[in-house]
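Here is what each chain is made of, one letter per residue.
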Amino acid sequence: MHAISTRHQALGLIGWLVLSFITAGIGAIASVDATQFYAELTQPSWAPPAGAFGPVWTTLFALMGIAAWLVWREGGWKRQQGVLALFIVHLAVNALWSWLFFAWHQGALAFVEVILLWGMILATLIAFWRVRPLAGLLLVPYLAWVSLATALTYTVWQLNPQLLG
């Protein structure tokens, strides 16, 4: 019985990580030309270097998957359906930002969307915290990074109206 339980838990972890990294992949498809486009944009002096985004996002997506798994472990989908559904919807909102900013060059929409994303991350963090505090804690770096991303999205949009109409 213990081996089945351990296997089930391992498959659950893999599943939540795969879901998180599928989201990353959807965003990456939109960001194929991001390096070139990002280099063309006027940046504020406090903008992170372009090379920081990949490692940071990889870490954040891993933390998201682990956090969702920790919540899922507290009774599975049946017991945590609302909280986990919020997480999944939030992933869709996360993936959309890359399309708005990098693929479609929509600065205003990307800014509105990142504010929505920030709110959804906060709601997910609180919901996860209520189920398992460690799961909520794992989302704190994500909320911090998206706080920076919100300010950066606005600033870059304002500095580049010709490119981010």
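Below is a summary of the structure that appears in this document. (Residues numbered from 1 in each chain as written. Predicted model: local features only at pLDDT ≥ 70, side-chain atom pairs only at ≥ 80, totals over all residues. Heavy atoms only, no water.)

### Concerning unusual backbone geometry
Convention followed: Strands are runs of DSSP state E lasting at least two residues, helices are runs of H or I lasting at least four, and both sets are numbered from the N terminus onward.
In this model, His105 sits at a positive phi of 55°, which is unusual for a non-glycine residue. Of note, His105 is situated in the loop between α4 (76–103) and α5 (107–131).

### Examining the pattern of salt bridges
Applicable threshold: Whenever Lys or Arg places a side-chain nitrogen within 4 Å of a carboxyl oxygen from Asp or Glu, that contact is recorded as a salt bridge. Burial here depends on accessible area, computed with a 1.4 Å probe over protein chains only, as a share of the maximum for the residue type. Under 20% is buried, over 50% is exposed, and the range in between is partly exposed.
If you walk through the whole model with that rule in mind, you get one salt bridge. Arg132 is the partner of Glu74 in a salt bridge, and the nearest nitrogen-oxygen pair spans 3.8 Å. Here the residue Glu74 occupies a position in the loop between α3 (50–72) and α4, and Arg132 occupies one in the loop between α5 and α6 (133–138), the gap between them amounting to 58 residues. Judged by its relative accessible area of 25%, Arg132 falls in the partly exposed class.

### Thoughts on the packing of aromatic side chains
The following threshold applies: To pair, rings of Phe, Tyr and Trp, with the six-membered ring standing in for Trp, must have centres within 6.5 Å; the planes then decide the type, stacked if under 30 degrees apart, edge-to-face if over 60, and tilted in the middle.
The tally for this structure, following the rule as stated, stands at 16 aromatic pairs. Ring geometry for Phe53 against Trp145: centres 5.6 Å apart, planes inclined by 70°, an arrangement best described as edge-to-face. Placement of the pair is Phe53 in helix α3 and Trp145 in helix α7 (residues 140–159), with a sequence separation of 92 residues. Taking the relative accessible area as the measure of exposure, Trp145 reaches 14% and is therefore buried. Residues Trp57 and Phe61 carry aromatic rings whose centres are separated by 5.5 Å and whose planes lie at 35° to one another, so their mutual orientation is tilted. Residue Trp57 and its partner Phe61 are both found in helix α3; the two are separated by four residues, about one turn of the helix. Judged by its relative accessible area of 22%, Trp57 is partly exposed. Residue class for Phe61 comes out buried when judged on its relative accessible area of 5%. Joined through ring pairs, the aromatic side chains of Phe21, Trp57, Phe61 and Tyr142 make up one cluster.

### Re a nonpolar patch on the surface
Note the following rule: Patch membership requires over 30% relative accessible area and the absence of a salt bridge. Like charges are linked within 9 Å, and nonpolar side chains (Val, Leu, Ile, Met, Phe, Trp, Tyr) within 5 Å. Only the protein chains shown count as cover for residues, with accessible areas throughout obtained via the Shrake-Rupley method and a probe of 1.4 Å.
Side chains of Leu11, Ile14, Val18, Ile22 and Ile26 sit close together on the surface and give an oily, nonpolar patch of about 430 Å² of accessible area. Structurally, Ile26 is set in helix α1 (residues 2–30). On the basis of relative accessibility, which here comes to 38%, the residue Ile26 falls in the partly exposed class.

### Quick look at the packing of α4 against α7
Rules: For helices, the axis comes from a line fit to the C-alpha atoms of the stretch in contact; other axes are also lines fit to C-alpha atoms, and the angle between any two N-to-C directions lies between 0 and 180 degrees. In this scheme, roughly parallel covers angles under 35 degrees and roughly antiparallel covers those over 145, while 65 to 115 is roughly perpendicular and the rest are oblique. Note on convention: the crossing is left-handed when the near helix lies turned anticlockwise from the far helix by less than a right angle, right-handed when the turn is clockwise. Residue contacts are defined here by distance: any two heavy atoms, one from each residue, within 4.5 Å place the two residues in contact. As a working rule, the residues Ala, Val, Leu, Ile, Met, Phe, Trp, Tyr, Cys and Pro are called nonpolar, Asp, Glu, Lys and Arg charged, and the rest polar, with Gly in that last group.
At a minimum axis separation of 13 Å, α4 and α7 run at an interaxial angle of 30°. With respect to their mutual orientation, α4 and α7 come out roughly parallel. For the pair α4 and α7, the crossing hand works out as left-handed. Mapping the contact onto sequence places His90, Asn94, Trp97 and Phe101 in α4 and Tyr142, Thr153 and Val156 in α7. When the residues that make up the contact of α4 with α7 are grouped by side-chain class, the tally is four nonpolar, three polar and no charged.

### With respect to the environment of Gln9
Along the chain, Gln9 falls in helix α1. Classification of Gln9 by relative accessible area gives partly exposed; the value is 21%. Setting aside anything within four residues of it in sequence, one finds Gln9 in contact with Trp69, Trp72 and Arg73.

### Things to note about the nonpolar core
To be explicit about the condition: Residues belong to one nonpolar core when they are buried, are Ala, Val, Leu, Ile, Met, Phe, Trp, Tyr or Cys, and are joined through side-chain atoms within 4.5 Å.
Core analysis: the largest hydrophobic core is formed by 43 residues, its most contacted members being Met64, Phe101, Phe128 and Tyr142. Among the elements of the structure, α2 (34–40), α3, α4, α5, α6 and α7 are those that each provide at least two residues to this core. If we ignore the near neighbours within four places in the chain, the residues touching Phe128 are Ala67, Ala68, Val71, Val83, Phe87, Pro133, Ala135, Gly136 and Leu139.

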